[in-house]
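Report on the structure
Now for the letters of each chain:
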Amino acid sequence: MWIASGSGVKHNEQGIASGMASTTLNVGNALLIALSASGAEILQQETSVSGLENALQPAFYLATAGQVAGLLVSRLLPRRGATGLSAETT
């Protein structure tokens, strides 16, 4: 993840790219934990495996949606050549 976030970034901006990747990872983890915790009521009422599945299912759906959105965004961004310029400007 950090290699991908630093690819094509200027040397003096590597820290910013790494920080953004780290922040994104932590925010995503916090959202998944919050969603999983919202299903904790189900776990208190039901101790079966299906209760755990019901509690964690929204978190997995959100993670999948995030991955698909990230893939789509990465495909829509302009490509950069070896010079660091976008393909549209070369």
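This text gives an overview of the structure that appears in the document. (Residues numbered from 1 in each chain as written. Predicted model: local features only at pLDDT ≥ 70, side-chain atom pairs only at ≥ 80, totals over all residues. Heavy atoms only, no water.)

Within the protein, the secondary structure is distributed over 4 helices and 0 strands. What you see in the protein, going N to C, is helices and strands ordered as α-α-α-α. Evaluated residue by residue, the protein yields a buried proportion of 9% over its 90 residues. Counting only contacts in the protein whose residues sit at least 6 apart along the sequence, the fraction spanning at least 24 positions is 22%. Element-wise, carbon and sulfur atoms account for 65% of the exposed surface of the protein, whose accessible area totals about 7,100 Å². (Helix = DSSP H or I, 4+ residues; strand = E, 2+ residues; numbered from the N terminus. Buried < 20%, exposed > 50% of the residue type's maximum accessible area, 1.4 Å probe, protein only. Contact = heavy atoms within 4.5 Å. Areas by Shrake-Rupley, 256 points an atom, 1.4 Å probe, with all protein chains shown as cover.)

All right, on to the environment of Leu35 then. The residue Leu35 is located in helix H2 (residues 14-38) in this model. With 23 residues separating them in the primary sequence, Leu35 and Pro58 have C-alpha atoms 6.6 Å apart.

Geometry only, nothing functional implied.
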